[in-house]
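Architecture at a glance
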Amino acid sequence: MTDLTSLTLTEMQNGLNKGEFSSRELVKAALERVESSGVKTHAFLHVAKESALKQADDADKQRTTNDGRQKPLLGIPVAIKDVLTVEGLPCTCGSKILEGYIPPFTATSVKRLRDAGAVIVGKTNTDEFAMGSSTEHSAYGVTKNPWDLTRVPGGSSGGSAAAVAARYVPAALGTDTGGSVRQPASLCGITGLKTTYGRVSRYGLVAFGSSLDTVGALGRTAQDVAQIFSIMAGRDPLDATSADQPVPQIQFDGDAVRGLKIGVPKEYFIKGIQPEVEEKTRAAIQQLKDLGAEIREISLPHTEYALPVYYIIAPAEASANLARYDGIRYGPRVDADNLWDVFFKTRGSKFGPEVTRRIMIGTYALSAGYYDAYYGQAQKVRTLIKRDFEAAFREVDLIAAPTAPETAFKIGEHINDPIAMYLEDVFTLPANLAGVPGISVNCGFDKNNLPVGLQLIGPHFREDLLLRVAHAYQQVTDWHKKAPSL
Amino acid sequence: MALTQKEVEHIAKLARLELSAEQMERYREQLSAILDYIAKLRELDTKDVPPTAGGGLTQMTLRADEPRPGLATDELLKNAPEAEDDQFKIPPVFE
C-alpha cells in the first residue's frame, strides 16, 4: 500500500471517495509520522491525537450517508497555526503569557474547515505572537527545516510550513502580517497563499497588526491551497473587516498564462540577494514567458521604504493589541501585592525579547510628541506604497519576484541582530501594506538543496489569478513534488 | 538616534513592562538602532499625501445590532488566574 502521508490533499480526497482507505487510516498515518519524526522538526506545539481520531471516525461514519459526500474536506487531516483558536485545544501563540490558555471558541477560518469535514491534527509552532521570520522567537523552541534540520523553516508560520513539507499533513493554516505565510512556504519548498486583506475572517485570530493581519493557507500544490482558500474565504458577520466579496470556485481548466502581462519589479532584484535566488526566480519567470506570458520590467519606486513603514505600523498596532495581556483574564499571573505590580511583573517576565522590543517601539512611536514624526509619517508613506501597486496593476495583471532574499538560514544566524532578521521580509511586506494577495511556489533548489520561492503578487481579491498561474507553473515543473528525506 | 536610559525607562513604564537594568540597556541599544533605520522615512516629502489607516479596500460592514447568545461566563472564567462569584479577581487597587 502507498504511504498515505505522501499523498496531496486532492489525492487523499480521491482515495477516500473511492474507498481505498478511511479517514481513520489517513489520520493515524499522520499521527504516526508526527510521533516518529516530529521530535526532529518540532513543527507542532500541540498534537490533538484523541480529538483527531474521533473526528476521523465521525468523518468515516458521515461518508456512508449522502450528507457526508457533499463535504469537500471530509476526513482530511489539517494543522492550524497556534495563533488561531480551536475550541478546547490550547492556544499559546508561541508565548509564555498564554501558557495554559484553552479558548472557549473557534476561529471562523478553522470552523469553516471543520464544517467542510476537515480533521484538526494539531496546533503548529510560531514565532511569539507571529512576530518573527524563523520561529526562533517561539517561547517553546525553534522548529527545524525538514530540508536541513540545522536551519530555520522561516516564520512566523514556520510550524505550519514544516508540517506540510515534512508530510505530516497535506495542508495547514497560517497567518501573514508581513510575509509569515509566503516566506516559510519559500524556505520549506511548498505553496503558501497570503490572502487579500479582508478576504478571510479574522474572528478567532489573535490580533497582532490589525491593519495588516491576514489568514492564509499552506499546501503542496496550488490546487490544494485553492480548495482551502475557497472554503475559508468570504464575509463573516463576526468580523467587521471581512469583505463582502463573492468567493470564486477556482477553475483550473483552460490556459491561465497565455496573454497575461506579468511585471517584474526592478527594486526586488537588489544587491545582497543570494545569487541562486535571483537565478532560479528569473528562470521561473522565463518559464511563464514560455507559457505565453508577456514579461515587462516595472518599478515599485517606494519599495525601500516598506520595511521602515512596516516597523512602525506593525509594532504600533501590536503595542495596542498586546495591552490585553495583563494577567487578569487569561494566561498566568505573577502575583504581587497590588494591581500595578501584577501588570508590570506579569508582562515583564512572560513576553519574550522580540515581542518586548516591538511593544516598546510601538509604544514609543505612538507616545506624545512622536506620533506625527513616526506613526503619522509611516501612514503617509504607506499611501505611496499602495499607489505604487495601483499604478503597476494598471500596466500588468500580476507581479513576479523572489519571495525571500535568501534560502533557509542557519538557526542562530540572525537571532542577535533584529534588523538582519527584519530584512528577511523585505520582499513580502509591501503586499501587506497595500493589502493585496500573494503566493509563494517552489521554483528550484540552491547548491545546498534548499528550496527557492517564486512570489506572485496580484490585485485585491484576485487570488484566483495567482492560484491559476501557480497551478499552470506546477503543471510544467516538478519542484513542488520533491520531498525532504526525514 | 540614540535613546537615553531615561527615555527607555519611560517607554517601559508606559508599556507596563518590568525590566532589569541589564535588559533596559540592551533594549536601549537595539531600539536606538531600529529607530535609526526607520528614520529613513523622513527623506520623503509627504506634505500632500493622505494617510492610509486600514488595509482594506472595502468599507467595514457592521452586523445588525440584535441580541444573541454570547460566550458563557463560567467558560470564560475558566482561563482566569483567579475568579470569584462570576467575576475576575484582582489584587487591591487602593491601599
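Residues numbered from 1 in each chain as written. Chains lettered and ligands numbered in written order. Predicted model: local features only at pLDDT ≥ 70, side-chain atom pairs only at ≥ 80, totals over all residues.

Next up on the list: the overall build of chain B. A count of helices and strands for chain B gives three helices and two strands. When the helices and strands of chain B are listed from N to C terminus, the series reads α-α-α-β-β. For 95 residues, the compact-globule formula gives about 12 Å, and the C-alpha radius of gyration of chain B, at 22 Å, lies well above that figure. For the C-alpha atoms alone, the extent of chain B along its principal axes is close to 55 × 45 × 20 Å. Here chain B holds 95 residues, and the buried ones make up 16% of them. (Helix = DSSP H or I, 4+ residues; strand = E, 2+ residues; numbered from the N terminus. Rg over C-alpha atoms; globule rule 2.2 N^0.38 Å. Buried ≥ 20, exposed ≤ 12 C-beta atoms within 10 Å, placed from the backbone.)

This part covers the environment of isoleucine 80 of chain A. Residues and elements named next belong to chain A. Secondary-structure assignment places isoleucine 80 in strand β2 (residues 77–81). Remark: the alpha-carbon pair of isoleucine 80 and leucine 7, spanning 73 residues in sequence, is separated by 19 Å. Residues within four places of isoleucine 80 in sequence aside, it is in contact with Val86, Val110, Ile120, Lys123, Thr124, Ala172 and Leu173. (Contact = placed C-beta atoms within 7 Å.)

Whenever strands of a sheet pair, they do so through backbone hydrogen bonds, lying parallel or antiparallel. All names here are of chain A. With respect to topology, eleven strands assemble into an open sheet ordered β1-β3-β2-β4-β6-β5-β10-β11-β9-β7-β8, the strand pairing being mixed. If you trace the sheet from one side to the other, it starts and ends with β1 (44–47) and β8 (294–298), each paired once. Across the sheet, the mean angle from the axis of one strand to that of its neighbour is 30°, orientation sign disregarded. Pairing of strand β4 (residues 171–176) with strand β6 (residues 214–219), which is carried by six bridges, proceeds in the antiparallel orientation. In the strand pairing of β6, threonine 175 is matched with valine 215. (Pairing = 2+ DSSP bridges. Axes fitted to C-alpha atoms, helices over the stretch in contact; angles between N-to-C directions.)

For the rest of this paragraph, the subject is the pairing of strand β9 (residues 398–402) of chain A. Residues and elements named next belong to chain A. The element β9 is extensively covered by neighbouring structure, given that five of its five residues are classed as buried. Both strand β7 (residues 261–265) and β9 contribute to a ladder of two bridges, which runs parallel. Its bridge partner being in β9, isoleucine 262 is matched across the sheet by leucine 398. Pairing of β9 with strand β11 (residues 451–457), which is carried by four bridges, proceeds in the antiparallel orientation. The residue of β11 that forms the bridge with isoleucine 399 is isoleucine 457.

Let us now look at helix α6 (residues 158–165) of chain A. Counting buried residues in α6 of chain A gives eight out of eight residues, a clear majority hidden from the surface. Phi for arginine 167 of chain A, located one or two positions after α6 of chain A, is positive at around 65°.

Across the boundary between the two partners, chain B contributes 44 residues, which contact 57 residues of chain A. Counting residues per element, the ones that place at least two in the side of chain B that touches chain A are α1 (5–14), α2 (21–38) and α3 (73–77) of chain B. It is α2 of chain B that contributes the most residues to the side of chain B that touches chain A, seven residues altogether. Per-class residue counts for the side of chain B that touches chain A are 30 nonpolar, nine polar and five charged. (Nonpolar A, V, L, I, M, F, W, Y, C, P; charged D, E, K, R; others polar.)

What follows covers the packing of helix α12 (residues 353–366) of chain A against α1 of chain B. Packing of α12 of chain A against α1 of chain B leaves a shortest axis separation of 9 Å and a crossing angle of 100°. The angle between the axes of α12 of chain A and α1 of chain B places the two elements in the roughly perpendicular class. In this structure, α12 of chain A uses Met360, Thr363 and Tyr364 of chain A to contact α1 of chain B, whose residues at the interface are Ile11, Ala12 and Leu14 of chain B. Its residues placed into classes, the contact of α12 of chain A with α1 of chain B shows five nonpolar, one polar and no charged. (Parallel < 35°, antiparallel > 145°, perpendicular 65-115°, else oblique.)

Omega for the bond connecting glycine 155 of chain A with serine 156 of chain A falls within 30 degrees of zero, at 10°, which places this linkage in the cis form. Structurally, serine 156 of chain A can be placed in the loop between β3 (119–124) and α6. We note that histidine 42 of chain A has phi near 55°; this positive angle belongs to a residue other than glycine. Examined against the element boundaries, histidine 42 of chain A turns out to sit in the loop between α2 (23–41) and β1. By the C-beta count within 10 Å, which is 21 here, histidine 42 of chain A ends up buried. The residue aspartate 85 of chain B is not glycine, and still its phi comes out positive at about 50°. Looking at the secondary structure, you find aspartate 85 of chain B in the loop between β1 (83–84) and β2 (87–88).

Residue and element names in this part refer to chain A. Along the chain, glycine 75 turns up in the loop between α4 (66–69) and β2. Since 29 C-beta atoms lie within 10 Å of it, glycine 75 is described here as buried. If we skip the residues at most four places from it in the chain, glycine 75 touches Leu16, Ser23, Leu26, Ala56, Ala59, Asp60, Arg63, Gly117 and Val119.

Next up on the list: the nonpolar core. Residues and elements named next belong to chain A. In terms of nonpolar packing, the biggest core is built from 165 residues, with Val78, Val121 and Val469 touching the most fellow members. Ranked by residue count, the leading element in this core is helix α10 (residues 306–321), at ten residues. Ignoring anything within four residues of it in the chain, the contact list for valine 121 reads Val27, Ala30, Leu31, Val47, Ala48, Ala52, Pro77, Val78, Ala79 and Val169. (Core = buried A, V, L, I, M, F, W, Y, C linked by C-beta atoms within 7 Å.)

Of all residues in chain B, 99% attain a pLDDT of 70 or more, and the chain-wide mean is 91. Scoring the predicted complex yields pTM 0.97 and, for the interface, ipTM 0.95. (pLDDT = per-residue confidence, 0-100.)

Another point: the pairing of β4 of chain A. Residue and element names in this part refer to chain A. Of all six residues making up β4, six are buried, and the element is well covered by its neighbours. Pairing of β2 with β4 involves three bridges; the strand directions are parallel. The partner of alanine 79 across the bridge, within β4, is alanine 172.

This paragraph deals with helix α5 (residues 108–115) of chain A. All names here are of chain A. α5 sits mainly inside the fold: six of its eight residues count as buried. Burial in α5 covers these residues: Thr108, Ser109, Val110, Lys111, Arg112 and Leu113. Elements that come into contact with the buried residues of α5 comprise β2, β4, β6 and α8 (222–232). Backbone geometry just downstream of α5 places glycine 117 in the positive-phi region, at approximately 105°.

What follows deals with the environment of leucine 26 of chain A. Residues and elements named next belong to chain A. Following the sequence through the fold, leucine 26 ends up in helix α2. Sequence separation between leucine 26 and phenylalanine 409 is 383 residues; the distance between their C-alpha atoms is 33 Å. Leaving out residues up to four positions away in the same chain, leucine 26 has contacts with Leu4, Met12, Phe21, Gly75 and Pro77.

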